[in-house]
Amino acid sequence: MINKVIKIEEKDIYPSARERFIKTNRFDLSRPEHKNLMDMSETLREKHLDQINVQAVVSYYDSVVFNNSHVIAEDQDIYCNFFSQIPEDAVEGIFFYALTAGEWSCSEDSSEKNIMDELFADIWGTSYVDAGKEFLEKKFLWKSIATRYQNRKTFISGSFGPGYYGMAIQDSEKFLKILDGNLIDVRTNESGLMLPQKTCTGLYFILNRSDIRPEPSCVQCLGNPAGCDFCAIRENLRGKRRDTNDYIFTKEY
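Everything numeric in this text was worked out from a predicted model, so none of it was measured.

## Description of the overall build of the protein chain
For step 1, the next point in the chain: Helix and strand content of the protein chain: five helices and eleven strands.
For step 2, the next point in the chain: Taking all 253 residues of the protein chain together, the buried fraction comes to 46%.
For step 3, the next point in the chain: Partitioning the contacts of the protein chain with sequence separation of at least 6, the portion at a separation of at least 24 is 78%.

## Description of the nonpolar core
For soluble globular proteins, nonpolar side chains are generally found buried alongside one another.
For step 1, the next point in the chain: Ranked by size, the top nonpolar core spans 35 residues in total, and within it Val54, Phe95, Leu99, Tyr128 and Leu136 carry the most contacts.
For step 2, the next point in the chain: Of all the secondary-structure elements, those providing two or more residues to this core are helix H1 (10–25), helix H2 (32–47), strand E2 (55–62), strand E6 (91–100), helix H3 (115–149) and strand E10 (199–207).
For step 3, the next point in the chain: Broken down by element, this core gets its largest block of residues, twelve residues, from H3.
For step 4, the next point in the chain: Excluding residues within four positions of it along the chain, Leu136 makes contact with Ile6, Ala56, Val58, Tyr97, Leu99 and Leu141.

## Some thoughts on the sheet that holds strand E4 (residues 70–73)
For step 1, the next point in the chain: Judged by pairing direction, the sheet is antiparallel, and its three strands sit side by side in the order E3-E4-E5 without closing on themselves. Looking at which strands have only one partner, the edges of the open sheet turn out to be strand E3 (66–67) and strand E5 (76–78).
For step 2, the next point in the chain: Of the strands in this sheet, E4 and E5 touch helix H4 (residues 172–179), which is tilted by about 130° from E5.

## What to know about the packing of H1 against H3
For step 1, the next point in the chain: Interaxial distance between H1 and H3 falls to 8 Å at its minimum, and their mutual angle equals 125°. Considering the angle they form, H1 stands oblique to H3. Viewed along their axes, H1 and H3 form a crossing whose handedness is right-handed. Within the contact between the two elements, H1 uses Glu10, Asp12, Ile13, Tyr14, Ser16, Ala17, Arg18, Arg20, Phe21, Thr24 and Asn25 and H3 uses Phe120, Ile123, Trp124, Ser127, Tyr128, Asp130, Ala131, Gly132, Glu134 and Phe135.
For step 2, the next point in the chain: Broken down by class, the residue content of the contact of H1 with H3 amounts to ten nonpolar, five polar and six charged.

## Thoughts on the pattern of salt bridges
For step 1, the next point in the chain: Applying the stated rule across the entire model yields 13 salt bridges.
For step 2, the next point in the chain: The residue Arg152 makes a salt bridge to Glu92 at a minimum N-O spacing of 2.4 Å. Linking Arg152 in the loop between H3 and strand E7 (155–156) with Glu92 in strand E6, this pair joins segments that are 60 residues apart in sequence.
For step 3, the next point in the chain: Arg152 gets classed as partly exposed once you look at its relative accessible area, which sits at 44%.
For step 4, the next point in the chain: Put simply, Asp171 and Lys174 hold a salt bridge, and the shortest N to O gap is 3.5 Å.
For step 5, the next point in the chain: The class of Asp171 is buried, set by a relative accessible area of 9%.
For step 6, the next point in the chain: Residues joined in a network through salt bridges with shared partners are Glu10, Arg18, Glu42 and Arg45.

## Regarding the packing of H1 against H2
For step 1, the next point in the chain: Orientation of H1 relative to H2, taken along the N-to-C sense of each, is 150°, at an axis distance of 12 Å. In terms of crossing hand, the pair formed by H1 and H2 is right-handed. Together, Glu10, Tyr14, Arg18, Phe21 and Ile22 of H1 and Met38, Ser41, Glu42 and Arg45 of H2 make up the contact between the two elements.
For step 2, the next point in the chain: For the contact of H1 with H2, a count of residues per class yields four nonpolar, one polar and four charged.

## Things to note about the packing of aromatic side chains
For step 1, the next point in the chain: Overall, the coordinates contain 18 aromatic pairs when judged by the stated rule.
For step 2, the next point in the chain: Summarising the aromatic geometry, the rings of Phe95 and Phe140 are spaced 6.4 Å apart at their centres and angled 80° between planes, so their arrangement reads as edge-to-face. Of this pair, Phe95 sits in strand E6 while Phe140 sits in helix H3, placing them 45 residues apart in sequence. A single burial state applies to Phe95 and to Phe140, both of which are buried.
For step 3, the next point in the chain: Within the aromatic cluster, the residues linked to one another by ring pairs are Phe66, Tyr79, Phe82, Phe83, Phe160, Tyr165 and Phe205.

The rules behind the values
Residues numbered from 1 in each chain as written. Predicted model: local features only at pLDDT ≥ 70, side-chain atom pairs only at ≥ 80, totals over all residues. Heavy atoms only, no water. Helix = DSSP H or I, 4+ residues; strand = E, 2+ residues; numbered from the N terminus. Buried < 20%, exposed > 50% of the residue type's maximum accessible area, 1.4 Å probe, protein only. Contact = heavy atoms within 4.5 Å. Core = buried A, V, L, I, M, F, W, Y, C linked by side-chain atoms within 4.5 Å. Pairing = 2+ DSSP bridges. Axes fitted to C-alpha atoms, helices over the stretch in contact; angles between N-to-C directions. Parallel < 35°, antiparallel > 145°, perpendicular 65-115°, else oblique. Left-handed = near helix turned anticlockwise from the far one by under 90°. Nonpolar A, V, L, I, M, F, W, Y, C, P; charged D, E, K, R; others polar. Salt bridge = Lys/Arg side-chain N within 4 Å of Asp/Glu carboxyl O. Phe/Tyr/Trp six-rings, centres within 6.5 Å; stacked < 30°, edge-to-face > 60°.

This is how it looks when you write it as structure tokens:
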């Protein structure tokens, strides 16, 4: 296990985080009332800038850890239903990651302790996590794959993680054991939720095929015990799949 810690500078992802913040709030900055709210949120962000600490830990494993639809690394068994749809010979490797934006909240000062500030702080935190994940993918993952596989055509899957594609939330603890969450000050509570709250974790498959992708609705799967072959949603969509561009899941590198 070789875990690599990556520090992400706030200035490098602020433009993306800001764009996501505006989109989440559905702000139209041509409207004065929305512009005023955005100015308020920017003031809040600047006041708590020292609390924004975006960092990640990543680890690469060869394809041998993927067997019988399970990913087993460092004695931790990771599984979700869609893994059964991935042929073992299509997997070249697996990247694990955990990323956090740190502990960011309004101070206890009564002048700041109001609903609007708390809402803005929460949305900024989510925006920085999403922007950080995008940065990690483009600036680290892509380069790492290009270096590792050189001239071989490979594809990277979307991210599989706890709470998505039917994977149990409690599996967060398994990911943090594989990655050593302490390296970026991330832990889980008794319910399996990660702390700080603005944290995400998951894995990417490095594939040699581009046709392995779930339906868009699979991301919200609750985990059918009977597996993907008995999923009503997949069955309904099989005969009426739209153009494949609507189902892009893997990306070529």
